[in-house]
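The chain contents come next:
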Amino acid sequence: MSISKQRIRMVAIALTFVGLSSSASALACGGDWYPEVEIDPRIHGVAQAEKALSHGNYVAAAGAVVRMMPHIKTLSGSKDPLVQRAERVLAVAIERSSGTLALEQEVPTKILGHWRGKTQAEHDKNMNWSVAALRRELATKKDDPAIMTDLGEALSQLDGGQEEARTLLESLASRDLVATPEGYKALAALRSQKGDSAGQELALKRCESMAGTAKICEADTHRAS
Amino acid sequence: MGTRAWVRVLLLLLAGVCVACSRRAPRVEEWGRPESVSEPAVAPSLVEPVAAIDALTGDASRGRELVARFECNRCHDGSGLAAVPLEKNCFSCHEQIATGKFKVSAEALARFRPHILDARDAPSLTAIGARLERTWIRDYLLSPRDLRPKLMPTMPRLALDAEQASDIAAYLAARDRALGTPLRAGNALHGRELMEHKACSSCHSFSGVPAFASGTAPPADSDVSRSAALAPDLRFTRERFRRDRLSAWLLDPKAVKPDTRMPNFGLSGDEANDIAAYILTAELAPAPSETFTRLPVLARRVSYDEVNTKVFSRTCHHCHSDPESSGGDGGPGNTGGFGFAPRGVSFSSHASILAGYLDERGQRRSLFEPVAGAPRLIAALLARQDEANQKYSQAVRGMPLGLPPLSPEDVQLVETWVAEGKPM
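Heads up: these notes are all about the structure in this document. Every value quoted in this text rests on a predicted model; they were computed, and no experiment measured them. (Residues numbered from 1 in each chain as written. Chains lettered and ligands numbered in written order. Predicted model: local features only at pLDDT ≥ 70, side-chain atom pairs only at ≥ 80, totals over all residues.)

1. Side note on the overall build of chain A
Stated precisely, the cut-off is as follows: Segments assigned H or I by DSSP are reported as helices when at least four residues long, segments assigned E as strands when at least two residues long, and all are numbered from the N terminus. Partly exposed residues are those whose C-beta has more than 12 but fewer than 20 other C-beta atoms within 10 Å; 20 or more makes a residue buried and 12 or fewer makes it exposed, with C-beta atoms placed from the backbone. Any pair of residues counts as being in contact when their C-beta atoms, constructed from backbone geometry, are within 7 Å of one another.
Secondary structure summary: chain A contains 11 helices and 0 strands in total. When each of the 225 residues of chain A is scored for burial, the buried share is 38%. Nonlocal contacts in chain A, meaning residues at least 24 apart in sequence, comprise 54% of its contacts between residues at least 6 apart.

2. A word on the interface of chain A and chain B
With 21 residues of chain A at the contact, the number on the chain B side is 23 residues. Put simply, the parts of the chain that give the side of chain A that touches chain B at least two residues each are α3 (41–54), α5 (81–96), α8 (145–155) and α11 (197–211) of chain A. Ranked by residues supplied to the side of chain A that touches chain B, first place goes to α11 of chain A with 4 residues.

3. Points about the packing of helix α9 (residues 162–174) of chain A against helix α10 (residues 181–193) of chain A
Residues and elements named next belong to chain A. In plain terms, the rule: Angles run from 0 to 180 degrees between N-to-C directions of axes, and those axes are lines fitted to C-alpha atoms, restricted for helices to the stretch in contact. When an angle is under 35 degrees it counts as roughly parallel; over 145 it counts as roughly antiparallel; between 65 and 115 it counts as roughly perpendicular; any other value is oblique. Should the near helix be turned counterclockwise from the far one by less than a right angle, the crossing is left-handed, whereas a clockwise turn marks it as right-handed. Under this grouping Gly is polar, as are all residues other than the nonpolar Ala, Val, Leu, Ile, Met, Phe, Trp, Tyr, Cys and Pro and the charged Asp, Glu, Lys and Arg.
The contact between α9 and α10 brings their axes to 10 Å, and the two run at 120°. If you check the angle between α9 and α10, you find them oblique. Helix-helix and strand crossings are classified by hand; for α9 and α10 the assignment is left-handed. The residues of α10 that touch α9, namely those facing Gln 162, Ala 165, Arg 166, Leu 169 and Ala 173, are Gly 183, Ala 186, Leu 187, Leu 190 and Gln 193. In the contact of α9 with α10, the residues fall into 6 nonpolar, 3 polar and 1 charged.

4. Here's the deal with the environment of Gly 333 of chain B
Residue and element names in this part refer to chain B. Along the chain, Gly 333 falls in the loop between α16 (323–326) and α17 (350–354). Here the alpha-carbon distance between Gly 333 and Thr 57, two residues 276 residues apart in the chain, equals 32 Å. If we skip the residues at most four places from it in the chain, Gly 333 touches Cys 319, His 320, Arg 343 and Val 345.

Shown next, in the form of structure tokens:
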């Protein structure tokens, strides 16, 4: 008797499981079964961050990345192309904000950490991370002028990075491969440091024609100083 | 008999069955489809010996290797090569987007759909040897031209020389090649009347002859309209189609090419000959040449957003994209394909365009360095205009490759953007 009861229980459990697992949703598809498509929301998020960056909205771009991937520092060296793109956005946003990201409005302070760049140590940490992230990307995409331009731009702001920046950017400029107006702006500053005013003027002209506005190319005090 | 003897008998029987099965099973060709699929159309007695094909110029076995190298199977069925995966197939993605089966969000699907409706079909190469002239195949490979007025032309000018084109033509012409019968003389005038009566012009254009009275265009985006789009302009038939097979084709198209969408009109032998006579002998007015007027650069500012929206994202991005942001493989113009080496050109962003391309030695060069008196990008757009008139530049390949040339206004827009310093 006890065996029968146990059997009945088992059958009941099995039937319940079958009932629960075979959802009626297939009928909603007209009897056909379609796999559910899962879309990774980060794809859209990274695309939006790239767009914000291209429009000069560095805080919005960096904020989007840090919000989506607050642990992005721990992902360094990831082979996931999406993570690499996010890293690139953050790296460029950081160096164009000179290591200081005013993200308090975008990201909770708890996860913001050193990205704020409030102290000199945080600022240096951010700039070094930016350069390291761009170097990592360049290692995977050898000789990509767009990454080389960004790296040159970041290096130009790093203590002791100017010489390498100059070599990178001059090499690109000689082949008409400087990929951003900001790259020409950094080159103008580097040439100015060397007393090459004609070269500086030329680079600024390229910056202005490429930017479509002189605003991006105006010298700021923290650049290449 | 003892147990051992029975076991032996059983094993022998099993072995016999296995051998028989292996002989009977449809053998999959080295690269392609089961034999039963590729050869139903041609009666065995009509198949021309392979030796007869080999005697012609061109190496068919080398041609087969080239067909693989140039990835003809990315767009065409019936090449004799295995089907390519979805992400490599030129038209399957478009078809899935059009029918809503592509695995992206509904918003993305709605965004993609308007851009792909023109490119869902490519003619199949099934039984090509039973239909087309080998010399025509060779010439077409060297200088592709628009044969189907209702289909967006997508055949690229591949990076091949005359010898390679001959080899590919030899391979394709040998596929399903069938012996023909000499075409008997027909009544061309009656042939034209029959074409009017059968409404051939519903699907086929016949440029250069007086317009046909009959022929109603099928409803847009219907199956019939897609079939009609694959129908070639009949002015090319006299060089393109094997004369000794034209009558057989008109009598029963599916017997020649099983996957054709051309219907069987139930013609008699005489009627088929009459239609063939008209198609092959009708007087043709000269084909109009494509005219292109290079417009002066605009006096207003052209931003990257404008030129990208109107030209780059609509055209260049198809073959020159960033695999990380666009998915797929980046296209033949970036990561390579269709026999082209990877050129590393991406039209995915302002910066990626300015990052240039890889030359033959793998060195990065600007897309704006001067070539043939113009920045390379502009020179390529202008070269494509010349290619539409069968003039080919050795210095630069016309772009957009395999797509119609840009309009004068679009070229003007790009040229203005370049002249202004490629502003963002």
